[in-house]
Amino acid sequence: MPAAASLRTTLVAASAAAAVTLGISTLGADPRPAPSAEVEVLAVAEPSQIRLGRGAGAIAAAITTTTSAPATTVAPTTTVAPTTTSPPPPPTTAPPPPPPPPTTAPAPPPPRPTAASSSCLGEFHSWINQARAQHGVAGLAADGGIVHVAANWSRRMADSATLSHNPNYFGQIRSVRPEARSASENVGYSTHGTRAVFDGFMASAGHRNNILDGGKSHLTAGCVVDGAGRTWVTVDFWG
């Protein structure tokens, strides 16, 4: 079967207020990785002063001569002692208040663990063969020997909350079923359980073609419910 590009589609399912997100992939015996496209449809900040003076005078009387000595007047010098200024006292700053005790927010409750659905393969095997019968196509055999391929991928999608295709599903199928010459895969999730995902598959042309492909002989399916209550589904077909 020729290799075809992978597509991922989200559809409107019949269930009101349900969100169904789907993915589809088809591979041949020697597939090359192809890009996936995903479409989602709701269904459901920062000194001194010194002054000098001098005077002289002569007085004649008979034979006596009087000479006045020069007078020198010296103004007193006043020295003012320097003023000593005391340094201002250092400013006083009140110590900062102690920091408030740390507040620890309570830890959020751990998410609920994912849980695998034990009835997944049986449900999809029944619904798919009913649809094939209605379209005149032979039924598929349920392959429990490779259920881990689908279940492990559904768990990975649930743990990462990301819808995507398993890039290695064909190789993983052929490691157990080397006779497989072609394979295809449908993936999806819903808040309304497995039946809402199946109905979404049937409402999508690409997913429905995988379900009704007359070139396939076997199918396996794995379902995991995550902590938010979403059911993640992987259905693998081979022939």
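Quick notes on the rules
- Residues numbered from 1 in each chain as written.
- Predicted model: local features only at pLDDT ≥ 70, side-chain atom pairs only at ≥ 80, totals over all residues.
- Heavy atoms only, no water.
- Helix = DSSP H or I, 4+ residues; strand = E, 2+ residues; numbered from the N terminus.
- Expected span 1.5 Å × (residues − 1).
- Buried < 20%, exposed > 50% of the residue type's maximum accessible area, 1.4 Å probe, protein only.
- Contact = heavy atoms within 4.5 Å.
- pLDDT = per-residue confidence, 0-100.
- Salt bridge = Lys/Arg side-chain N within 4 Å of Asp/Glu carboxyl O.
- Phe/Tyr/Trp six-rings, centres within 6.5 Å; stacked < 30°, edge-to-face > 60°.
- Lys NZ or Arg CZ within 6 Å of the ring centre and 35° of its normal.
- Pairing = 2+ DSSP bridges.
- Disulfide = S-S within 2.5 Å.

Here's the deal with helix H1 (residues 120–134)
For H1, which comprises 15 residues, the first-to-last C-alpha distance of 21 Å matches the rise-based estimate of 21 Å (1.5 Å per residue) to within 8%. All of the buried residues along H1 are Cys120, Leu121, Phe124, Trp127, Ile128, Asn129, Ala131 and Arg132. Residues of H1 that are buried sit in contact with strand S9 (141–142), helix H4 (194–202), helix H5 (205–212), strand S11 (218–225) and strand S12 (231–238). Directly after H1, the chain includes glycine 136, whose backbone phi takes a positive value near 70°.

Side note on the confidence of the model for the protein
Note: predicted coordinates in regions of low pLDDT should not be interpreted at a detailed level. Averaged over every residue, the pLDDT of the protein is 72; residues scoring 70 or more account for 55%. pLDDT under 50 marks residues 1–19. Its contacts with residues more than four places away, or in other chains, come to 84 contacts. This model gives residues 29–82 a pLDDT under 50, and the stretch forms 74 contacts once residues within four places in sequence are excluded.

Concerning the pattern of salt bridges
When their charged atoms lie close together, side chains carrying opposite charge are able to pair. Counting across every chain of the model gives four salt bridges. Of the charged contacts, one joins arginine 177 and aspartate 143 as a salt bridge, the two residues approaching to 2.7 Å between their closest N and O atoms. Here aspartate 143 lies in the loop between S9 and helix H2 (147–160) and arginine 177 lies in the loop between helix H3 (169–176) and strand S10 (183–190), a separation of 34 residues in the sequence. Take arginine 177: its relative accessible area is 22%, and that puts it in the partly exposed class. On the accessibility criterion, aspartate 143 (4% relative accessible area) is buried.

A look at the packing of aromatic side chains
The final tally for this structure, using the stated rule, is five aromatic pairs. Residues phenylalanine 124 and phenylalanine 201 carry aromatic rings whose centres are separated by 6.3 Å and whose planes lie at 50° to one another, so their mutual orientation is tilted. Of this pair, phenylalanine 124 sits in helix H1 while phenylalanine 201 sits in helix H4, and the two are 77 residues apart along the sequence. Neither phenylalanine 124 nor phenylalanine 201 differs from the other in exposure class; each is buried. Ring-pair connections join several aromatic residues into one group, and the members of that group are Phe124, Trp127, Phe198 and Phe201. When the ring centre of tryptophan 127 is taken as origin, the NZ or CZ atom of arginine 195, which lies over that ring, is 5.0 Å away.

Brief notes about the pairing of S10
Among the eight residues in S10, eight count as buried, and that is most of the element. Relative to S12, S10 is paired through eight bridges, and the arrangement is antiparallel. By the bridge assignment, serine 190 is partnered in S12 with threonine 231.

Looking at the state of the cysteines
Under the counting rule described, the total for this entry stands at one disulfide. Two residues, cysteine 120 and cysteine 223, share a disulfide whose sulfurs are 1.9 Å apart. The sign of the S-S torsion, about 55°, decides the handedness of the disulfide formed by cysteine 120 and cysteine 223: right-handed. Of this pair, cysteine 120 sits in helix H1 while cysteine 223 sits in strand S11, placing them 103 residues apart in sequence. Using a relative accessible area of 2% as the deciding quantity, one classes cysteine 223 as buried.

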